[in-house]
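Survey of secondary and tertiary structure
Take a look at the letters that make up each chain.
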Amino acid sequence: MNNKQILITGATNGIGLAAAEALAALGANLAIVGRNKTRTRIASARIRAAAGRGATVATFIADLSSQASVRRLAAEVLARCPKLDVLVNNAGAMYGTPQLTEDGIELTWAVNHLAPFLLSKLLLQRLKESAPARIITTASQAHQGAHIQFDDLNAERSFRGFGRYCETKLANILFTTELARRLEGTEVTANCFHPRLVATGFNRNNGLLMDLGMTILRPMSRSPAKGAKTLVWLATSPDVANVSGVYFFDQEQRPPSPEAQDTETARRLWEISERQCAVSGRSAKARS
Ligand SMILES: NC(=O)c1ccc[n+]([C@@H]2O[C@H](COP(=O)([O-])OP(=O)(O)OC[C@H]3O[C@@H](n4cnc5c(N)ncnc54)[C@H](OP(=O)(O)O)[C@@H]3O)[C@@H](O)[C@H]2O)c1
């Protein structure tokens, strides 16, 4: 991985931090995205220590719930990283109550689906110029049984915290399929994976009961390092150099749910996601 440039979101904790440490130890140059300066600085120090060779870690601060912030992040990455070999869309969260972002988008959808969608699109040209390159998205087996509510995209009629989270993880797989289709012939691959149940900060933001639930699940959960293994493999292994549009867990291809394999749904989601990002795109153009 020497001289490979890897950008990873959600690298201040959990699976993203463990993956960044492992990739740095393999000799990659890491660039990490965090939303909090102190947590990002601490994560950067941990990743540098894991690299163990006076490595540098580039840090970027962005709140992925805001499309303006994602656009600023992409512009900064393009300015600071002349080469980008791997983009890892890993940041994600679940919210127990419905909340709207500054763009008027339901928060879980904004962070888990629209942020990877927009960031990948804005960095695509740089990835193509750096080809062979890879895009990896952290999805989840929680997508099983979920449906994209195209007639209620902000979940105004149907919000349930876990259900909404599952819908965004289905969106991660559909996004990967459609992205891979659009990238055919470019030497840029797009894959996603399920890390299994991992002991991280996930779902620790939804009150005492949920927090207690996650503590009870802890003995059944994997360590972040184990949860990050498939991510690290997808970023580094020659075995998947020419594999694209696939859902993995434990380093094996797995068929996702029937809805996740529906190419028409994937196309429709892509078009709707473009529309959901269009308003912030027009504002960004007007400002420049
Ligand atoms: N843990 C599991 O069992 C499990 C299972 C399947 C899939 N996953 C997926 O794994 C991915 C990583 O989650 P994790 O389990 O490692 O949880 P985690 O420990 O809570 O880490 C989540 C990361 O995402 C970042 N993040 C969240 N909201 C953000 C925002 N608005 N802007 C920027 N960064 C934001 C967090 O930053 P802060 O440090 O600032 O909070 C943190 O670095 C997620 O996509 C999740 O859906 C997890």
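The notes below deal with the structure included here. Given the structure is predicted, the values throughout are model-derived calculations rather than measurements. (Residues numbered from 1 in each chain as written. Predicted model: local features only at pLDDT ≥ 70, side-chain atom pairs only at ≥ 80, totals over all residues. Heavy atoms only, no water.)

When the terminal C-alpha atoms of helix α3 (residues 67-80) are compared, their 20 Å separation across 14 residues agrees well with the 20 Å that a helix rising 1.5 Å per residue should span. Of the positions making up α3, those classed as buried are Gln67, Ser69, Val70, Arg71, Leu73, Ala74 and Val77. Check the buried side of α3 and you find it contacts β1 (5-9), β2 (29-34), β3 (57-61), α4 (107-129) and α9 (263-287). The residue sitting at the N-terminus of α3 and contributing the capping side-chain oxygen is Ser66; that oxygen lies 3.3 Å from the backbone nitrogen of Ala68. (Helix = DSSP H or I, 4+ residues; strand = E, 2+ residues; numbered from the N terminus. Expected span 1.5 Å × (residues − 1). Buried < 20%, exposed > 50% of the residue type's maximum accessible area, 1.4 Å probe, protein only. Contact = heavy atoms within 4.5 Å. Polar contact = N/O pair within 3.5 Å; in protein donor to acceptor, adjacent residues only side chain to side chain.)

With that settled, the discussion passes to the environment of Arg71. Mapping Arg71 onto the fold places it in helix α3. Distance in space between the C-alpha atoms of Arg71 and Ser280 is 8.7 Å, their sequence separation being 209 residues. Once residues lying within four places of it in the same chain are set aside, the contact partners of Arg71 are Leu118, Leu122, Cys277, Ser280, Gly281 and Ala284.

The next thing to look at is the nonpolar core. One finds Leu7, Leu123, Leu127 and Ile135 to be the most contacted residues of the largest nonpolar core, which totals 55 residues. Of all the secondary-structure elements, those providing two or more residues to this core are β2, α3, α4, β5 (133-138), α5 (161-182), β6 (188-194), β7 (246-249) and α9. Looking at this core, the element that brings in the most residues is α4, giving 10 residues. Apart from residues lying up to four places away in sequence, Leu7 is in contact with Ala31, Val33, Phe60, Val77, Leu84, Val86, Leu87, Val88 and Leu123. Listed in part, the 33 residues of the second largest apolar core include Ala20, Ala24, Val232 and Val240. (Core = buried A, V, L, I, M, F, W, Y, C linked by side-chain atoms within 4.5 Å.)

What follows concerns the pattern of salt bridges. Where side chains of opposite charge bring their charged atoms close, a pairing between them can arise. Per the counting criterion, the structure on display carries 15 salt bridges. Among the salt bridges present, the one from Asp250 reaches Arg196, with a minimum N-O distance of 2.8 Å. Of the two residues, Asp250 sits in the loop between β7 and β8 (252-253) while Arg196 sits in the loop between β6 and α6 (207-217), which places them 54 residues apart along the sequence. The exposure class of Arg196 is partly exposed, given its relative accessible area of 34%. (Salt bridge = Lys/Arg side-chain N within 4 Å of Asp/Glu carboxyl O.)

Distances and angles like these do not, on their own, reveal function.
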